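Structural overview
For reference, the chains in residue letters:
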Amino acid sequence: MGLMSKILGGSGASRRTDDYVELDAGDASTTAPEADTEVRIARIGDKQDVIEIKDAVYDGDIVLADITRHTTKDRTMEHITDELKQVAGEVGGDIVQKDDDQLIITPSGVAVNRDRLGR
């Protein structure tokens with residue numbers, strides 16, 4: 001029996017428990033290697049949440065912020081966006097709104113390409 005028959009379960013292929021290897025989760029590393037830049041996830045509920053986002057961008061991290069709690073025409077959201085635009089400008093980074101639900105804020109040296117991949 002060929003390898004593909006074993007994988008795809010071709011005719012006459014029977015699977016036995018000893019055909020599989022039990023993987024112990026202890027063998028896998030659960031910590032990522034040390035990185036210079038991290039991608040941080042945030043949710044903006046009110047103006048107070050902006051402080052942590054600003055700190056992360058000043059520290060050189062990329063922030064994906066969920067803004068679904070606000071409409072884009074919300075006065076609070078306009079103030080928050082202006083504040084985050086200022087931070088991106090100060091660090092030489094970038095900021096872009098993705099659809100109506102996310103802001104992407106980057107530090108110096110990281111630009112957001114506005115062209116979508118795929119169709």
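Look up a bit, the structure's there.
Residues numbered from 1 in each chain as written. Predicted model: local features only at pLDDT ≥ 70, side-chain atom pairs only at ≥ 80, totals over all residues. Heavy atoms only, no water.

Here we look at the nonpolar core
The biggest cluster of nonpolar side chains holds 18 residues, and the ones touching the most others in it are Ile44, Ile53, Val63, Ala65, Leu84, Leu103 and Ile105. It is helix H3 (residues 75-91) that contributes the most residues to this core, six residues altogether. Ignoring any residue separated from it by four or fewer positions in sequence, one finds Leu84 in contact with Ile44, Val50, Ile53, Lys54, Ile95, Leu103 and Ile105. (Core = buried A, V, L, I, M, F, W, Y, C linked by side-chain atoms within 4.5 Å. Buried < 20%, exposed > 50% of the residue type's maximum accessible area, 1.4 Å probe, protein only. Helix = DSSP H or I, 4+ residues; strand = E, 2+ residues; numbered from the N terminus. Contact = heavy atoms within 4.5 Å.)

A short note on the pairing of strand E4 (residues 102-106)
Burial analysis of E4 places four of its five residues in the buried class, which makes it a mostly covered element. In this structure, strand E2 (residues 62-66) lies alongside E4, joined through four bridges in antiparallel fashion. By the bridge assignment, Ala65 is partnered in E4 with Leu103. Bridge count between strand E3 (residues 94-98) and E4: five bridges; the pairing is antiparallel. In the strand pairing of E4, Gln97 is matched with Leu103. A loop of three residues connects E3 with E4, the two strands running antiparallel in sequence, and Asp99 in this loop sits at a positive phi of about 55°. (Pairing = 2+ DSSP bridges.)

Focus: helix H2 (residues 49-58)
Taken together, the buried positions of H2 are Val50, Ile53, Ala56 and Val57. Projection of H2 onto a plane perpendicular to its axis shows the buried side chains occupying an angular sector of 125°, all on one side. Buried-residue contacts for H2 involve strand E1 (39-43), E2, H3 and E4. (Arc of directions from axis to C-beta.)

Here we look at the environment of Tyr58
Looking at the element boundaries, Tyr58 is found in helix H2. Judged by its relative accessible area of 41%, Tyr58 is partly exposed. Along the backbone, Tyr58 and Val91 are 33 residues apart, and their C-alpha atoms lie at a distance of 6.8 Å. Setting aside anything within four residues of it in sequence, one finds Tyr58 in contact with Val87, Glu90 and Val91.

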